[in-house]
Structure formats: C-alpha cells, structure tokens
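# Survey of secondary and tertiary structure
So you can see what is in the structure, the chains are spelled out below.
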Amino acid sequence: MALIVHKYGGTSVGSPERIKNVAKRVAKARAEGHDIVVVVSAMSGETNRLVALAHEMQEHPDPRELDVVLATGEQVTIGLLAMALKDIGVDAKSYTGWQVALQTDTSHTKARIENIDDERMRADLAAGKVVIVAGFQGISSEGNISTLGRGGSDTSAVAIAAALKADECQIYTDVDGVYTTDPRVVPEARRMDTITFEEMIELASLGSKVLQIRSVEFAGKYKVRLRVLSSLQDGGNGTLITFEEDDNMERAAVTGIAFDKNQARINVRGVPDKPGVAYQILGAVADANIEVDMIIQNVGSEGTTDFSFTVPRGDYKQTIELLQQRQDSIGAAYIDGDDTVCKVSAVGLGMRSHVGVAAKIFRTLAEEGINIQMISTSEIKVSVLIDEKYMELATRVLHKAFDLGN
C-alpha cells in the first residue's frame, strides 16, 4: 500500500461532472489499496471572478481581505468533492488550509510555506478516509488566512506530500505529461516518460506551463517524487520527474524547447563606462519589485556603454518611466525598448557532455533569417531573445534540428 497525493487543477474540477469524474478516479486508487490525499484548486475561472469582485470594492484591494475572499474558491471545491466521494460510498473529509494547518509567513497573496501540521491528516488516513485539502491557502503566523499566489495549489500538494513522506505526488492536469515542446505549436512534440528535476525547473522557469516553478523547486528540495498525468484521459503513466539521470542522457543533448512571450527589452544607451553603473540601473528596477531576466552590456566608444535587459511585459511601461525619471542621474544618452520580443530556450542535461549545442542553435535560426537580440546560457540551457513574430517558427525549427520528435 502506498501513500499518494493527488492534485487536481481548476480545469479538472471545472464543473460538477468533472468533479464526479475526479471522485471516480480517487475511488479507484483507494480501491487499489492506496492511502489518498487530494489537493484541489478552485473551479476554473473562479479565482478570476473573485479578484474582479474584490476590485469592484477597492481599486487596490486590502491584501488581508483579498486573501479571505480568494480562499473561498477552494473551499467550495473541497466540499463538493467530499460529497461526490461519499455519494459513491467512499468515506472522505475535507479541510481548508487553516484547518490542516498549513502555516505560512505573513506575506498576503504571495505567502511562503513554513510548516505543515500533519496530525489530523494522518489520523483520518489511519481511519480509512480520503483526505481532501484546499490548495493555494494556509494560515499565517498571525492567525490570518493567507494565499500562496497563482499556481499555489501545486506547491500545496508538493508540500503536503513532503510533510507526509508520500510515495508519490501526482499532478493531474489537462495534458497527459510533459512534452518536448508545446504540441499546439509543434504537432510532432513527444511526451517524455521521464525528465530530471533540473530540466523541469529550467523548463518551468522558461515558459512551460505544465508545472508551477515553486512546486518543482519544493519537490527538488524535499526529494518528492512527482508525476504529471491527465485528469481528462484514462490510463497512461504520464511523465515522471526524477532525480536519476536517464541512461541515454549522453545521447540527448537537448530534452525540450520552451518559449515565453512575457518578455520586454529595455535599452539604456550611452551610460558612462564606470564601476557602479549597472547597480544604478538595476538597483532602481529592483527597488520597484520588478524582476530582471536576461542582461547584456556592450562597451561603446569614448568611455560609454550600452546596457540592455529584459523584464516581464506587464512591467515594461513602468520600467521605461522609472529609468527616464533617473536618466540624468544615470547619465544615459537615451532610454528605449521593445515589448514585441520573446524568449526561446533549449534545455537538456546532455549539454554538459556535448559541444556545439549553442552553435547549432545559432546556425539553425540564421538559416531561417531569425535575428538574435540577446543570449543567455547556463550549464543546461541556452536562451535567445528574438522578435515575437518568429517565436513559433524558431520553436519548430529547433525542435526539428535536435530531432526531438523521435
């Protein structure tokens, strides 16, 4: 008998019919002799509806009260799923995040998990019950309802699996695993049987939407065995995210291609080439809580340099305005940017033992007339910034160049 944590996202519980299907899937696993804990999200679209309601009350909703409102979405789902299980003869009990209790810090709307009290869950499991827990939420050290931010249900599930020392945490979603790239862009994309945590973290951070990056990091930290499966299809083993490197890793330079439209490029031109100039620019951006991704600096003539970096597209205008206000103190000749760019990345542990991967990427894109604006690399990743209009073409040709369809 294994202890397994199931997690179902908003699409998987998006209607009464789908909740009943989830109940049947959980009942089947329970009938096979497993102890089951289920973590669920709010029904599809519900969190957006609740956010909109909050904004009708306040232009900038109070974070504490917003968490109170948002946490109701998952509370509905856990109750409905418990009812559906009881209706088919499976004893089940639902818990909100604060009832578990999943304890967090005091950062409302983006709380971090600090501890989980597993006593009540273990007692119910020992009594033969299916335990259902609201994802995305907890209770702060001050005793207030808190939420973990978008995608927090994945993190809740992994954290609960870690606390219970579960044999596996199964993430059920609307796809049947992790693919070499988005099959909507590349029909030849292939579902992978296994992928390493290192590769999954890179893919999640580079635009892959299958798993939320915090959950993958949490799983890696606490050695939680993760599997991605489809809640809309029966059968199949999905994709196992593992700590062990595949025996064939020596032959696989690249595992997957990721892309991210949520990019904007900022250019700070003609700044003095002297120590501290990068801090002057990026320090101001960091103080505004804006995340910086790719960075490049080119030394120009007559003691000046050009400094470019990328930010999320939603922060583009704020970043431009922020730096324009500081243009004189920075000493920049002018500041401009482009919010019609995207990032395309190749990821693979095999890069550690293969030479020429970056060159192959650059040659492949050049043959298609795709200009590279910026480059970022790590031990197992190469990312390029290109015009957004070439995103799908770049993804397709790189997927083919590295023979990822086979």
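About the criteria used
Residues numbered from 1 in each chain as written. Predicted model: local features only at pLDDT ≥ 70, side-chain atom pairs only at ≥ 80, totals over all residues. Heavy atoms only, no water. Helix = DSSP H or I, 4+ residues; strand = E, 2+ residues; numbered from the N terminus. Contact = heavy atoms within 4.5 Å. Polar contact = N/O pair within 3.5 Å; in protein donor to acceptor, adjacent residues only side chain to side chain. Pairing = 2+ DSSP bridges. Axes fitted to C-alpha atoms, helices over the stretch in contact; angles between N-to-C directions. Core = buried A, V, L, I, M, F, W, Y, C linked by side-chain atoms within 4.5 Å. Buried < 20%, exposed > 50% of the residue type's maximum accessible area, 1.4 Å probe, protein only. UniProt positions renumbered as here; feature names shortened; annotations may be inferred. Parallel < 35°, antiparallel > 145°, perpendicular 65-115°, else oblique. Left-handed = near helix turned anticlockwise from the far one by under 90°. Nonpolar A, V, L, I, M, F, W, Y, C, P; charged D, E, K, R; others polar. Salt bridge = Lys/Arg side-chain N within 4 Å of Asp/Glu carboxyl O.

### Overview of the environment of Arg-191
Its place among the elements puts Arg-191 in the loop between β9 (168-173) and β10 (194-196). Expressed as a C-alpha distance, the spacing of Arg-191 and Thr-47, which sit 144 residues apart in the sequence, is 30 Å. Those residues in contact with Arg-191 that sit more than four places away from it in its chain are Asp-176, Gly-177, Val-178, Tyr-179, Gly-238 and Thr-239. Of the polar contacts made by the side chain of Arg-191, one reaches the side chain of Asp-193; its length is 3.4 Å.

### Here's the deal with the sheet that holds strand β8 (residues 145-147)
What the four strands build is an open sheet, ordered β5-β4-β7-β8; its pairing is mixed. Every interior strand has two partners, whereas the edge strands, β5 (113-116) and β8, have only one. Pairwise comparison of adjacent strand axes, ignoring direction, gives a mean angle of 45 degrees for this sheet. Pairing analysis gives three bridges linking strand β7 (residues 137-140) to β8, with the strands arranged antiparallel. Each bridged residue has a counterpart across the sheet, and for Gly-138 the counterpart in β8 is Ser-146. Those strands touched by helix α7 (residues 152-164) are β4 (102-104), β5 and β7, and its axis lies near 45 degrees from that of β5.

### Description of the nonpolar core
Generally speaking, a soluble globular protein has its nonpolar side chains buried in company with each other. Formed by 42 residues in total, the largest nonpolar core has its most connected members in Val-5, Val-37, Ile-160, Cys-169 and Leu-226. In terms of residues, this core owes the most to one element, α7, which gives seven residues. Setting aside chain neighbours within four positions, we find Val-37 in contact with Leu-3, Ile-4, Val-5, His-6, Leu-125, Val-131, Val-133, Ile-160 and Leu-164. In terms of nonpolar packing, the next biggest core, distinct from the first, is built from 25 residues, Tyr-8, Ala-23, Leu-85 and Leu-229 among them.

### Re unusual backbone geometry
Cis peptide bonds are those with omega within 30 degrees of zero, and the linkage from Val-100 to Ala-101 qualifies with 0 degrees. The phi torsion at Phe-136 lies on the positive side, around 80 degrees, for a residue other than glycine. Note that Phe-136 resides in the loop between β6 (130-134) and β7. When its relative accessible area of 5% is taken as the criterion, Phe-136 is described as buried.

### Brief notes about the UniProt feature "domain: ACT" (unreviewed entry) in the chain
Per the UniProt record, the feature "domain: ACT" (unreviewed entry) sits at residues 266-340 and 346-406. Structurally, residues 346-406 comprises 36% helix and 23% strand, and the distance from its first C-alpha atom to its last is 16 Å.

### Let's talk about the packing of helix α2 (residues 46-57) against helix α3 (residues 63-70)
Packing of α2 against α3 leaves a shortest axis separation of 9 Å and a crossing angle of 140 degrees. Taken as axis vectors, α2 and α3 run oblique relative to one another. In the packing of α2 onto α3, the handedness of the crossing is right-handed. On the side of α2, the interface is formed by Thr-47, Leu-50, Val-51 and Ala-54, while α3 contributes Leu-66, Val-69 and Leu-70. Considering only residue class, the contact of α2 with α3 consists of six nonpolar, one polar and no charged.

### Things to note about the sheet that holds strand β18 (residues 381-387)
On the basis of which strands lie adjacent, the open sheet formed by six strands has the order β14-β15-β13-β16-β18-β17 and antiparallel pairing. Each end of this open sheet is capped by a strand with a single partner; those strands are β14 (295-299) and β17 (374-378). Averaged over all pairs of adjacent strands, the angle between their axes in this sheet comes to 25 degrees, without regard to strand direction. As paired strands, β17 and β18 are joined by five bridges and run antiparallel to one another.

### Notes on the pattern of salt bridges
Taken as a whole and judged by the stated rule, the model has 17 salt bridges. Linking Lys-129 and Asp-91 is a salt bridge whose minimum nitrogen-to-oxygen distance equals 3.0 Å. Of this pair, Lys-129 sits in the loop between α6 (119-126) and β6 while Asp-91 sits in the loop between α4 (72-87) and β3 (92-95), placing them 38 residues apart in sequence. Take Asp-91: its relative accessible area is 35%, and that puts it in the partly exposed class. For Glu-392, the salt bridge identified is with Arg-396, shortest N-O distance 3.8 Å. Of this pair, Glu-392 and Arg-396 both sit in helix α14 (residues 391-401), four residues apart, roughly one helical turn. The exposure class of Arg-396 is partly exposed, given its relative accessible area of 37%. A single salt-bridge network, built from bridges that share partners, covers Lys-86, Asp-91 and Lys-129.

### Some remarks on the UniProt feature "binding site: substrate" (unreviewed entry) in the chain
This chain's UniProt record puts "binding site: substrate" (unreviewed entry) on Thr-47 and Glu-74. The largest pairwise C-alpha distance within this set of annotated residues, which runs over 28 residues, is 8.9 Å, so the set is compact in three dimensions. Within the secondary structure, Thr-47 is located in helix α2. A relative accessible area of 15% places Thr-47 in the buried class. If we ignore the near neighbours within four places in the chain, the residues touching Thr-47 are Ala-42, Leu-70, Glu-74 and Arg-150. Within the secondary structure layout, Glu-74 lies in helix α4. Its relative accessible area of 2% is what places Glu-74 among the buried residues. Residue contacts for Glu-74: discarding those within four places in its chain leaves Val-40, Ser-41, Ala-42, Thr-47, Ala-134, Gly-135, Phe-136, Gln-137 and Ser-153.

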